Every structure is written in structure tokens, then in C-alpha cells.
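# Architecture at a glance
What follows is each chain in one-letter form.
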Amino acid sequence: MLEILLDRFRARVQVSLTRAGLSLPWWGALCASAVSFVFTAVALIQRDALLPPEPIALAGLLVIAPSVIWVTTDWIMPWVRMTALIAAASVLLIEPVLPDFAPLLLLVAATEAGSVLRTTWGIAVVTVAGELVLVVAGIWGGLIGGPVYMVAILLGLSGGLMVRWYTRVLDAERDNRDAFREKALLAERQRIAREVHDVVGHSLSITLLHLTGARHALQQDRDVDEAIEALTEAEQVGRAAMADIRRTVGLLADTPAGSAPLPGIEDIETLVERTRVAGLAVRYTQEGDLGRVGASEGLGLYRIVQESLVNVVKHAPGANAEVRVNAGRSGVKLIVSNTLAGTARGTAEDGSGLAGMAVRAAQLGADLTAGPQGRQWIVQVTVPGVKS
């Protein structure tokens, strides 16, 4: 039960601070109220035999009432509490004592003003009002040590301003952290979107090639066995694509969707062979040690080959293609070339394929060139500094 009441009190105070635009913890307001209660109680005890009951009750009410209203109604203007503290100190300083705890209420008011008030003039009014109360108490009330209390008010103001600066810096740091997190999430979503785009684009292109082959086998040759073989290959490509998509989308989850690794540079040969079986005239040549290529570089190069072959199928049907990989000590070079169809140059430059390859190359720190050279369209990627 006590824990529930404490949670309610904490939430109530935090809501009040938020409505006032204060980025302070709930226990900060609680500590400030507790300190003012202690100072008031000591000051009242010091004057028990010096003041009539009415001023003592008034001073106590002025300090306690704003805090009670704050907790019970979820709302109170910050300057109301500061005004109440200054008024309570003024009542108590009608009869100064030595040493006197009443001026410390002015210190609390100045500290709160520096930390929570939004305007400079409001802070100045509270500080000047506190100093004037001490001046009047020193001249007409005989307060001893007035200059010391005046300096204490300025120190309290400095502490409040430091708290204000700290909370603003903390808020700025939180905003920057949130912006960085959002930027990182956006970059991750874009990366996964590129992965899904490459997987879906390639698998659909290869599947369509198989389906086209099956249709030709049935319509022209009446070869059921060849059609079944093409459909079987299309089914296998589709299942492999689904598994690849699940692994890629699984990156969005807290745990992996599967244990199979993402493709790498060693899988380019399988990719080319699968595309060749689907009907695209493509060959693959390899030089050097592929073990020199890291996993991230291998995945990026695999996706570039995948996108390049999709572009060949889409923009240069019937073309001959070649994929060459050369992994050496100084880096790895990838070249994907194909013969140009009549309109291949115009259509290949459209869409997001080349842009996606450029992004992947930039992520690898690689140089990418893509364009027509003579009667061929050539995509060339050079990745420097792969691991040895």
C-alpha cells in the first residue's frame, strides 16, 4: 500500500513539473519542499516566545500551502511558491534572532527561481525582492549578518542557474541521442529494404525465365518433361528466395529468424549457375583467393552481381553476359558485362538498380563504374584493402 501511495505521489509531482515545463526529477521538487519545511520549522521554533501565534501560523501556512496544493491538485504556478517563501520570510523577520534561519527561505526562493523560472525578469524580481527583505530587516528590524545572507541569496541563485544549465544540456543530449537513434533506424531500414529489393528482384527474374521456358516447351515443343524441369527450377528458386527474405527480414527482430548465413562472394558462382540454368547465357570466371574477401564485402559484391544479372534479364533479353571476380592482395575486382540490346542503354539507366549498386559500393568504400563501352554494358567494382 505504501509503495502504491509513493508511486502516485511521484507521478503527481512529475506531472506537475512537466506542466510547468521543468525537466527536473520528481525527487528534486520533493527535496526543495522538504528543505523549506525544515528551515521554516527551525525559524518558528526560534520565535516561539517572541511572536504572537498569528504571525507564526501565517508564516507556516505560507510555506506549507503551496506544496500541499501542488501535490493535491497537480498544478500550481512556480512563482506562487516563491512569493509565498518571500512573504513567510518577511513575516518571520519582523522579529530577527541570532542565528536566524528565516533568511534561508529567501535562499531557497532564489535557487528555485534560477532553476525553474523561464524569464530573466522573473528571476531578477525574485532575487531583488529577497535582497530588499534583508535590507529592510537589517535597517528596521535589527537583523544581524544581513550582508552574509545577501551573499547567500546570490549563491543560491548561482546554484539554481547551474541546475537550469545542466537540465538544458541534458535535454539537448537526449534530443541528439534520439535523433541519432532515428537516423540509425532509418539507415537500417533502408539497408534491409535494399536487401529485400535485390532478393525479390532477382528471384522473380529467374522465376520468370523458368516460366517462360516452360511455356515455350509446352507451346512449341510439346515437351512436358522440359516444362516440368523448368517449373521445378522455378519452385526451387522461389523457396530459396523465401528463405533469403526471412533471414533478411529477421534482422529487424531481436533474435535471428534462422541460422543460415547470408550469401557471400563464394555464392556468386552458384548465383550465376542458377541464372544460366534459367535461360540467360552467362559464364563465370574467378581468379585469386576468395578467402581474402570479408563477409560484408562478399555480401555487397553478391548483391551487386544479383542486381546486375536482373538488369540484364530486364533490359537486354537474349544478351550474353559474363561475371569475372579477381581477388588479390591489393583488393578485389568484380566485372559484370553483357552485350547491348537495341534499347538497353536507355532503359538500364532508369529505375533504382544502379542507384542501389552505387549505395552498396559506397558502403564498402569501393569504386563503381557502370555504363556502355563499345557494344557492351559493363559494371565494374573495385574494393581496396580486403583482408589478407
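In the annotation of an unreviewed UniProt entry, the protein chain is listed under the name histidine kinase and assigned to Amycolatopsis oliviviridis. Entered under Catalytic activity (unreviewed entry) in the UniProt record, the comment concerning the protein chain runs "ATP + protein L-histidine = ADP + protein N-phospho-L-histidine."

## Some thoughts on the overall build of the protein chain
Looking only at helices and strands, the protein chain has 12 helices and five strands in total. In the protein chain, buried positions account for 40% of the 388 residues. As displayed, the protein chain has an accessible area near 21300 Å², and 63% of this comes from carbon and sulfur atoms.

## A few points about unusual backbone geometry
The amide bond that connects Leu-98 to the next residue, Pro-99, takes the cis arrangement and shows omega of -10 degrees. Topologically, Pro-99 is positioned in the loop between helix H4 (78-92) and helix H5 (103-116).

## Some points on the environment of Leu-30
Within the secondary structure, Leu-30 sits in helix H2 (residues 26-46). What makes Leu-30 partly exposed here is its relative accessible area of 36%. Each C-alpha atom of the pair Leu-30 and Arg-10 lies 9.1 Å from the other, and the pair is 20 residues apart in sequence.

## Regarding the UniProt feature "transmembrane region" (unreviewed entry) in the protein chain
On the UniProt side, "transmembrane region" (unreviewed entry) is annotated at positions that read residues 26-45, 57-77, 83-109, 121-142 and 148-167 here. Helix makes up 100% of residues 26-45 and strand 0%, with an end-to-end C-alpha separation of 29 Å.

## Looking at the packing of helix H9 (residues 268-277) against helix H10 (residues 295-315)
Orientation of H9 relative to H10, taken along the N-to-C sense of each, is 15 degrees, at an axis distance of 10 Å. Compared by their axis directions, H9 and H10 come out roughly parallel. Both H9 and H10 take part in a crossing whose hand is right-handed. Along its contact with H9, which presents Ile-268, Leu-271, Val-272 and Thr-275, the element H10 presents Leu-301, Tyr-302, Val-305, Gln-306 and Leu-309. Here the residues of the contact of H9 with H10 are counted per class, giving seven nonpolar, two polar and no charged.

## Focus: the pattern of salt bridges
Per the counting criterion, the structure on display carries five salt bridges. With a closest N to O distance of 3.8 Å, Arg-324 and Glu-322 form a salt bridge. Classification of Arg-324 as partly exposed rests on a relative accessible area of 35%. Overlapping salt bridges bring together Arg-283, Glu-322 and Arg-324 as one network.

## Overview of the pairing of strand S4 (residues 367-373)
In the sheet, S4 pairs with strand S5 (residues 376-384) via seven bridges, with the strands oriented antiparallel. Across the sheet, the residue bridging to Asp-367 is Thr-382, located in S5. Between the end of S4 and the start of S5, which pair antiparallel, lie two residues, with Gly-374 showing a positive phi angle near 65 degrees.

## Here we look at H4
Counted at 1.5 Å a residue, the expected span for H4 with its 15 residues is 21 Å, and the 22 Å between its end C-alpha atoms agrees. Of all the residues in H4, the buried ones are Arg-81, Met-82, Ala-84, Leu-85, Ile-86, Ala-88, Ala-89, Val-91 and Leu-92.

## Re the nonpolar core
In terms of nonpolar packing, the biggest core is built from 35 residues, with Leu-92, Leu-93, Leu-105, Leu-106, Val-126 and Leu-134 touching the most fellow members. Looking at this core, the elements that each hand over two or more residues are H2, helix H3 (53-73), H4, H5, helix H6 (120-140) and helix H7 (146-221). Broken down by element, the residue count for this core peaks at eight residues, all from H5. Ignoring sequence-local partners within four residues, the contact set of Val-126 consists of Met-82, Ile-86, Ala-109, Ala-110, Ala-113 and Leu-117. Core analysis: the next-biggest nonpolar cluster, separate from the first, contains 33 residues, Leu-309, Val-312, Ala-316 and Met-357 among them.

## Describing the sheet that holds strand S2 (residues 320-327)
Spatially, the five strands line up as an open sheet ordered S1-S2-S3-S5-S4, and their pairing is mixed. Since the sheet does not close on itself, it has two edges, and those belong to strand S1 (281-288) and S4, each with one partner. For this sheet, the mean angle separating the axes of adjacent strands, direction not counted, is 10 degrees. Where strand S3 (residues 331-339) meets S5, nine bridges bridge the pair, whose relative direction is antiparallel. Looking at S5, one finds that Thr-339 is bridged to Gln-376. Strands S1 and S2 of the sheet are contacted by H9, whose axis makes an angle of about 165 degrees with S1.

Conventions adopted
Residues numbered from 1 in each chain as written. Predicted model: local features only at pLDDT ≥ 70, side-chain atom pairs only at ≥ 80, totals over all residues. Heavy atoms only, no water. UniProt positions renumbered as here; feature names shortened; annotations may be inferred. Helix = DSSP H or I, 4+ residues; strand = E, 2+ residues; numbered from the N terminus. Buried < 20%, exposed > 50% of the residue type's maximum accessible area, 1.4 Å probe, protein only. Areas by Shrake-Rupley, 256 points an atom, 1.4 Å probe, with all protein chains shown as cover. Axes fitted to C-alpha atoms, helices over the stretch in contact; angles between N-to-C directions. Parallel < 35°, antiparallel > 145°, perpendicular 65-115°, else oblique. Left-handed = near helix turned anticlockwise from the far one by under 90°. Contact = heavy atoms within 4.5 Å. Nonpolar A, V, L, I, M, F, W, Y, C, P; charged D, E, K, R; others polar. Salt bridge = Lys/Arg side-chain N within 4 Å of Asp/Glu carboxyl O. Pairing = 2+ DSSP bridges. Expected span 1.5 Å × (residues − 1). Core = buried A, V, L, I, M, F, W, Y, C linked by side-chain atoms within 4.5 Å.

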